[in-house]
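So you can see what is in the structure, the chains are spelled out below.
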Amino acid sequence: MTKGTEDGQAKRRDRAIVRTSVVGILANVFLATFKAAVGLTANSVAIVMDAVNNLSDAASSVITIVGTKLAGREPDQKHPFGYGRVEYLSAMVISLLVLYAGVTALAESVKRILVPEEPDYGATSLAIIAVAVVVKIVLGRYVKGVGERVGSGSLVNSGEDAMLDSAISASTLVAASVFLFFHVSLEPWLGAIIALVIIKSGLEMLQETLSSILGQRADAGLAREIKATVTSYPEVTGAYDLVLHDYGPNAHNGSVHIEVPDTLSADELDKLIRTITVDVAQRHNVILTAIGVYSVNTKDPEAVVARKKVAEIVRDHPDVIQMHGFYLDKDEKTLRFDIVVGFAAKDRNQVYRDIHEKAQREFPGYSLQITLDTDFS
């Protein structure tokens, strides 16, 4: 994948996000205007709160556009990895707006429960609410679909919020129908339930966004694909310690270790590493900033026996996920390997000490170089 192709894809993605956000702004401002007029006329707090919610959705779309524009800035000296993570910040702001809308709606509903007021619905009011339900369902599916297609958390959050809004409008319509036919006002109670649903949704959005900002485990599917690409080269007998750093949607830098025969020359190894780096960038849009090397014994049969003994020691410990990077140097009397200890272990350092002690007893004359690795991917 060339630089020009990457830039073209990024621009198309940004245009799709901005275009979808503009549609959301226009639709929400339109709905907010009519709902506010209907709510004030009918003395309906639920409809007024629904209108306020639409305005917050419009504000969310504005934030999405601003976030996308900022995230699309070219890397510079201060931020050499670019500004892609700004999109996560905009998604976080949207989730906070959803939370605010939910808390506001809950507070207003509780007030109406304590001090009831009779609404005054008309045929026009109900018709507008019904249209709003349909518009919100269509808008929500459209915005979320585009967000999933282009990998925009902000759009996905906005789309989910719109789908919740359609439920709000639908429940308001049900409450109005119940009042017209049975003269029983369920509006404030229904509003309180809906507000709690909105708050729950906002908290879930916020949790997911914060997880991305903090740095979460790499996508398992992407990790498998990258390792498969790396190990497709005949010289590579294994790929380990893959670490991916997320600098925004579809923007990853990372590193990996490869096992190769100890017979490769420096020239051959340099050529192999450069080829793998280009291949991974083209296939997976991931820049490998570093490829470490583990050499594999090919000249000493005793190393095979030693590896089996160490593997048995490692397998006896349930918290060890993997062993790799094994190499036996009889001349230097050193034995080196890495172990990956899972996060479920109560004390990862104790696991390391146990394995080191057992391996040292098995190879008393050797200096052990054991690395404790983290299960990143």
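If you're wondering where the values come from, they're calculated on a predicted model, not measured in any experiment.

K.L.:
Where do I start with unusual backbone geometry in this structure?
P.N.:
For residues other than glycine, phi is negative in most cases, and the peptide bonds are mostly trans. Here the phi dihedral of Asn285 falls at roughly 55°; this positive angle occurs in a residue that is not glycine. By the element assignment, Asn285 lies in the loop between helix H8 (266-284) and strand E3 (286-296). Positive phi outside glycine occurs at Lys333, with the angle close to 55°. Examined against the element boundaries, Lys333 turns out to sit in the loop between strand E4 (320-329) and strand E5 (334-341).

K.L.:
Would you take a moment to explain the packing of aromatic side chains for this structure?
P.N.:
Here a ring pair, both rings aromatic, is described through the centre-centre distance and the interplanar angle of the planes. Applying the stated criterion across every chain, the model contains 2 aromatic pairs. Note on Phe363 and Tyr366: the rings are 6.2 Å apart at their centroids and 85° apart in plane angle, and the pair reads as edge-to-face. Judged on exposure class, the residue Phe363 and its partner Tyr366 are both buried. The side chain of Arg73 reaches across the aromatic face of Tyr83, ending 4.3 Å from its centre. Above the face of the Phe343 ring, Arg348 is positioned so that its terminal group lies 6.0 Å from the ring centre.

K.L.:
For this particular structure, what's the right way to read the sheet that holds strand E6 (residues 367-374)?
P.N.:
Within a sheet, adjacent strands bond to each other through the backbone by hydrogen bonds, running parallel or antiparallel. With mixed pairing, 3 strands are arranged side by side in an open sheet as E4-E5-E6. Two strands close off the open sheet at either side, each with one partner strand: E4 and E6. Averaged over all adjacent pairs, the angle separating strand axes in this sheet is 15°, with direction ignored. Most of the contacts of helix H9 (residues 301-315) go to E4, to which it runs at about 155°, and overall it touches E4 and E5. Along the sheet face, helix H10 (residues 348-362) touches E4, E5 and E6 and points at about 155° away from the line of E6.

K.L.:
What am I meant to see in the nonpolar core here?
P.N.:
If you look at soluble globular proteins, the nonpolar side chains tend to sit buried side by side. With 22 residues, the main nonpolar core has Leu335, Phe337 and Ile339 as its most contacted residues. Of all the secondary structure elements, the ones that give two or more residues to this core are H9, E4, E5, H10 and E6. Of all the elements, H9 adds the most residues to this core, at 6 residues. If sequence neighbours within four positions are ignored, Phe337 has contacts with Val310, Val314, Met323, His324, Gly325, Phe326, Ile355, Gln369, Ile370 and Thr371. Counting 21 residues, the second-largest nonpolar core is a separate cluster that includes Ala223, Val236, Leu288 and Ile291.

K.L.:
Before we go on, may I ask you to explain the side chain of Asp375 in this structure?
P.N.:
Tracing the chain through its elements places Asp375 in the segment after E6. With residues near it in sequence (within four places) discarded, Asp375 still touches Arg217, Ile321, Val340, Val341 and Phe343.

Reading guide: rules and limits
- Residues numbered from 1 in each chain as written.
- Predicted model: local features only at pLDDT ≥ 70, side-chain atom pairs only at ≥ 80, totals over all residues.
- Heavy atoms only, no water.
- Helix = DSSP H or I, 4+ residues; strand = E, 2+ residues; numbered from the N terminus.
- Phe/Tyr/Trp six-rings, centres within 6.5 Å; stacked < 30°, edge-to-face > 60°.
- Buried < 20%, exposed > 50% of the residue type's maximum accessible area, 1.4 Å probe, protein only.
- Lys NZ or Arg CZ within 6 Å of the ring centre and 35° of its normal.
- Pairing = 2+ DSSP bridges.
- Axes fitted to C-alpha atoms, helices over the stretch in contact; angles between N-to-C directions.
- Contact = heavy atoms within 4.5 Å.
- Core = buried A, V, L, I, M, F, W, Y, C linked by side-chain atoms within 4.5 Å.

In short, shape yes, function no, at least from these values alone.
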